[in-house]
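Each chain is listed here by its residues.
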Amino acid sequence: MKDQYDVIVIGAGPGGSSAAKAAAEKGLSVLMIEKRQEIGDPVRCAEGVSKVWLRKHIEPDHRWICADVKGSRIFSPDGSMIEMAEEIAGGEVGYVLERKIFDRALACESAKAGADVMVKTRATGLIIEDHFVRGVKLMHLGEEREIRSKVVIGADGVESKVGRWAGIDTSLKPKDIETCAQFLMSGTGIDQNYCYFYLGNEIAPSGYIWVFPKGQGLANVGIGILGSKSGKKHAIDYLKEFVAKKFPDAKVLEIDVGGVPVSGSIDKTIANGLMLVGDAARQSDPITGGGIINAMEAGKMAGEVAFEAISKNDVSTATLGLYEKKWRQKIGMDIDNSLIVKDIFTGFTDKEIDSLAHSLEGVNFSSMSLLDLLYALFKANKKLLWDLRVLFKNVVKYELDFER
Amino acid sequence: MTIKVNKFKCGYCGACVSVCLPGALELVETWIEVDDSCTSCGICAKICPVGAIEVSR
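In this text, all values refer to a predicted model and were calculated from it rather than measured experimentally. (Residues numbered from 1 in each chain as written. Chains lettered and ligands numbered in written order. Predicted model: local features only at pLDDT ≥ 70, side-chain atom pairs only at ≥ 80, totals over all residues. Heavy atoms only, no water.)

**Q** So what exactly am I meant to see when it comes to the interface of chain B and chain A here?
**A** By a frequent convention, interface size equals the accessible area lost on bringing the separate parts together. Contacts between chain B and chain A engage 25 residues on the former and 29 residues on the latter. Between chain B and chain A, a total of about 2,100 Å² is buried, with carbon and sulfur atoms accounting for 56% of that surface. A per-residue breakdown of the area chain B buries against chain A is headed by Glu29(B), Lys46(B) and Pro49(B), which together make up 27% of the total. Summed over the shared surface of chain B and chain A, the result is three salt bridges. Measuring nitrogen to oxygen at the nearest pair gives 3.0 Å for the salt bridge that ties Glu26(B) to Arg122(A). Where chain B meets chain A, there are 17 residue pairs in polar contact (both at pLDDT 80 or more). Per-class residue counts for the side of chain B that touches chain A are 17 nonpolar, five polar and three charged. (Contact = heavy atoms within 4.5 Å. Buried area = accessible area lost by both parts, 1.4 Å probe. Salt bridge = Lys/Arg side-chain N within 4 Å of Asp/Glu carboxyl O. Polar contact = N/O pair within 3.5 Å; in protein donor to acceptor, adjacent residues only side chain to side chain. Nonpolar A, V, L, I, M, F, W, Y, C, P; charged D, E, K, R; others polar.)

**Q** Which parts of the structure should I look at to understand the packing of aromatic side chains?
**A** Here a ring pair, both rings aromatic, is described through the centre-centre distance and the interplanar angle of the planes. All names here are of chain A. The final tally for this structure, using the stated rule, is 10 aromatic pairs over all chains. Centroid distance Phe 197 to Tyr 208: 5.3 Å. Interplanar angle 70°. Geometry classified as edge-to-face. Linking Phe 197 in strand β13 (residues 194–199) with Tyr 208 in strand β14 (residues 208–215), this pair joins segments that are 11 residues apart in sequence. Each of the two residues, Phe 197 as well as Tyr 208, counts as buried. Ring geometry for Phe 345 versus Phe 348: centroids 5.3 Å apart, planes at 70°, classification edge-to-face. (Phe/Tyr/Trp six-rings, centres within 6.5 Å; stacked < 30°, edge-to-face > 60°. Helix = DSSP H or I, 4+ residues; strand = E, 2+ residues; numbered from the N terminus. Buried < 20%, exposed > 50% of the residue type's maximum accessible area, 1.4 Å probe, protein only.)

**Q** Just to check I follow, could you spell out the layout of surface pockets for this structure?
**A** Using a probe with the size of a water molecule, rolled over the atoms, empty space left in the structure can be pinpointed. Residues and elements named next belong to chain A. Of the volumes computed, that of the second largest pocket is approximately 320 Å³. Looking at the second largest pocket, it is lined by 15 residues, and the ones nearest its centre are Pro 77, Tyr 198, Ile 203, Phe 242 and Lys 245. Contributions of two or more residues to the lining of the second largest pocket are made by β13 and α5 (235–246). Along the lines of polarity and charge, the residues of the lining of the second largest pocket split into seven nonpolar, three polar and five charged. (1 Å grid on protein atoms, 1.4 Å probe; cavity = no way out; pocket = protein on both sides within 12 Å on 5 of 7 lines; lining within 4 Å. Points joined across faces, edges and corners; volume = space filled by probe spheres on them.)

Listed below in structure tokens is the structure:
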């Protein structure tokens, strides 16, 4: 085992593996560590991912695709349904993955590119010298050791400590997290071609319930509620109520739980010798909760910037700022727009959500994007959605054709 | 001051760690460890998806 690498990546989720792969492909020596003994398990995810975006990173493989969905159906509290075609349903619709296999496949890609991988290995701190991160203190199978590196990439998920160790406050407020629970169920009887979303403060306060097909009659039935609304009842209590009503005869084959950052982009994701990616950098989408693609985008950028910085022999924030700039350009604007939408929608009463759904009755969405859907909503409900106007001002500024 | 995590309920998802202001919590593989910087503020107990955390004052 080496005691010096160019790059150490902490966490072997989609963000970490993408960073490790990108850095290794550039010829850097890379170590990726994962605290769990199995990469990808236990799952903390609804497992939905946009096809178009996924293809930009990895060729789809039937071994980790459970279902191929063509649309989504959104239900307002009174049961009104909005149906959207795949291309307009946002980042969450497309494929439903088997994360346990998907995450391992991504880790395998980074290993093939030359990265070393260590599992059951937990970071316990950073080596910091002269205000620079110079490596990682870790524990492997109960043994403590230190490994030095030029750059550390923190991809350690929602529970990230790496940023905090380097002086970046990544703690989330209750209103900045969706607290989630999910059952993998058999016997729900759902049409496997669709993803289903159920809205309403009674069933999922400031969040939603999802039902995603997982093939062979299975489905992920899950819920996310805003942390600030959790307390007396927890996510799993709401989920049990929904399931008892909606799928009384279905069987629970697996329980998954998790927290999803919905804070929107944070001020700082770099320090000297350090970059944060994925959930650790709070890069998940505040509306859908989707984080896989953003983590992979950011991971790739971080791996590439690590190469540039090491080549220039300058791993200070002056060079790593390039990563910060790149990810904010590529995914930051969408995250910030989603935050605006989240802040408006989490404030609506069930009556208001119903009236929004009614305003779209008879509208055909098959050729519209999620942004178009929001614009259609905005046009029909200007008073209620007045705060969304900022979003469309941005859209005009960035020349997206939402009238299409 | 500290909290009590019911390890039979806990799904070791790490959500509690992310909302802990003083950084008193740590997800170690399959369990939560609490250090003495815990202020018993109760935010972790509030947001836990499965209600596995109890605050002891």
